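# Secondary and tertiary structure notes
Single-letter residue listing:
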Amino acid sequence: MSRKFCIQIWVRCVVVPMALLVPITMLNAQDTLTWNMIASAVVEHSPDIAKARAELQTAGTMQQLHIGDYLPEISFALSTSQNQQGPREVYLGAQSFRQEGQTFGYHSAGVSMSYTVFDWGNRHRTSEILDSRYKARRSSLVKIQRQVLEQAFTGFTDLLEQKEILEISREELRYLRRQRDFIKGLTDEGLQPAIDLRRIQVEIRNKETEISRQAGRYKQSRFTLMNIMGRELAGSTVFIPPAVPGDSTIGAQTDFDAVVNTHPATQELTAGLQTAKLERKKARWQMFPGLNLNTQYQRGNRRLEEVYGNFARNWNTSVSLQVSFPLYNQSAQLIEIERRTSQIRTISEDLRKQRQDAYRQVFEICNLYETQFRNYTRRRRNIADYKAIHAYERRNYRAGITAFRDYLNAVQSYLNARRSAVTAKYQLTKTAFRYELLTGKWDEVEGQ
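Residues numbered from 1 in each chain as written. Predicted model: local features only at pLDDT ≥ 70, side-chain atom pairs only at ≥ 80, totals over all residues. Heavy atoms only, no water.

With that settled, the discussion passes to the overall build of the protein. Scanning the protein for helices and strands turns up 9 helices and 8 strands. Burial statistics for the protein: of 448 residues in total, 39% are counted as buried. If you take every contact in the protein between residues at least 6 apart in sequence, the share linking residues at least 24 apart comes to 81%. Accessible surface for the protein amounts to roughly 25,400 Å². Of this, 52% is attributable to carbon and sulfur atoms. (Helix = DSSP H or I, 4+ residues; strand = E, 2+ residues; numbered from the N terminus. Buried < 20%, exposed > 50% of the residue type's maximum accessible area, 1.4 Å probe, protein only. Contact = heavy atoms within 4.5 Å. Areas by Shrake-Rupley, 256 points an atom, 1.4 Å probe, with all protein chains shown as cover.)

Here it is, written out as structure tokens:
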């Protein structure tokens, strides 16, 4: 599987519903984590994805159950009854006789079959409706998975960015302390005023305060990622940053129509539209009569052995064709047809709007990617220039030509250029990942 970045994948998943075959069970024992390992853990842990998978499984079960609607209904019945009559007085003319109590029993067994011979194709339409609902659930799962992965990747790159900026700030602090020693030497020699030493002390304390804030943000980003993954992260865990994208013109390589048509929201609405159309057809044909075939074989007798022992006697069979026609629900069916027609119009407009939004989203991401790529390239080049400017101002300050404020500005410009390059790098990386999600490269993860 080709990737412009984030190439390595070691956990295998299948096409929706994605089932992780090699789950990560102890991330705290891992010394190194790549994005692909994190993505696998996130997909495994996410309650939203688990819920979407359960809904997809339910839709698949409904498809399987519908197969039974094509088969006849067969039932077997056993019945045993007993009537008891108490003693009574019977009159024959004027003469009375006492009659003892009696027990009458009746036993029966039978098999019946009922089959809908003709329902105007609604069984097949129901099957197509269930297929459309399954496709909608599958698209919903893909959509939710994309959202979860984008959230996780944002948390991952935020963590990496905070870590790099924190390391740069600590390096800046060490650099400022060296500059303090450098300035102290100059002031001791009388080459620069003593106030410059106080100025550099202020800068050092400001940097220490900034580092404290950045350490807090880094801790929060680490907790957020741990929460999304549902795993403990060891203090020694090393995070491998994704490769920085190197292609500057992805827009020219993008098939907009293909991306829009395969967008899960587009596919979900398309399936919903198909379902509504089939439901309307089904409601129309339910206004016509149906034809059912009914057959029955039954045995019955007062004596139990006659029913279950002698199959050549006391039996009867019946075969009937039943035509059913709804007389009093025509209004209800007409209302249902009108409701489905309104639903079709609504979904059609939603689908049209979704396609417009998807086209705009693809264009915006491609345009943003190319802008950020140029921005990142420029910021990287600025680092070398600011470094040269800083060296120049340092020599001039040492020689007494440049004022302290100009020298300090050169130092800050150089340090800020490094920080800006880090921020630009991760902005570009996030946009590139959003592009990969949009083009469906993370809808299925292949094992290596």
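This paragraph deals with the packing of aromatic side chains. Two measures describe an aromatic ring pair: the distance that separates the ring centres and the angle between the ring planes. On inspection of all chains with the given rule, the structure shows 10 aromatic pairs. Joined through ring pairs, the aromatic side chains of Trp35, Phe153, Phe156, Phe239, Phe433 and Trp442 make up one cluster. Residue placement shows arginine 394 over the ring face of phenylalanine 182; its charged tip is 4.3 Å from the ring centre. (Phe/Tyr/Trp six-rings, centres within 6.5 Å; stacked < 30°, edge-to-face > 60°. Lys NZ or Arg CZ within 6 Å of the ring centre and 35° of its normal.)

Bringing the packing of helix 3 (residues 122-188) against helix 4 (residues 195-229) into the picture now. Helix packing geometry: the angle between the two helix axes and the distance between the axes. Running from N to C, helix 3 and helix 4 cross one another at 160°; their axes reach a closest spacing of 8 Å. Here helix 3 is positioned roughly antiparallel relative to helix 4, judged by the angle of their axes. The chirality of how helix 3 crosses helix 4 is left-handed. Of the residues in the contact of helix 3 with helix 4, the class split is 16 nonpolar, 7 polar and 14 charged. (Axes fitted to C-alpha atoms, helices over the stretch in contact; angles between N-to-C directions. Parallel < 35°, antiparallel > 145°, perpendicular 65-115°, else oblique. Left-handed = near helix turned anticlockwise from the far one by under 90°. Nonpolar A, V, L, I, M, F, W, Y, C, P; charged D, E, K, R; others polar.)

On to the nonpolar core, then. Ranked by size, the top nonpolar core spans 51 residues in total, and within it Trp35, Ile38, Leu149, Phe156, Met229 and Phe239 carry the most contacts. Of all the elements in the fold, those that place two or more residues in this core are helix 1 (35-45), helix 2 (47-66), helix 3, helix 4 and helix 9 (404-438). The biggest single contributor to this core is helix 3, with 18 residues. Not counting the four nearest positions on each side in its chain, phenylalanine 239 is found in contact with Leu33, Ile38, Phe156, Leu159, Leu160, Arg222, Leu225 and Leu233. Counting residues in hydrophobic clusters, the runner-up holds 13 residues, among them Phe373, Tyr376, Ala424 and Leu428. (Core = buried A, V, L, I, M, F, W, Y, C linked by side-chain atoms within 4.5 Å.)

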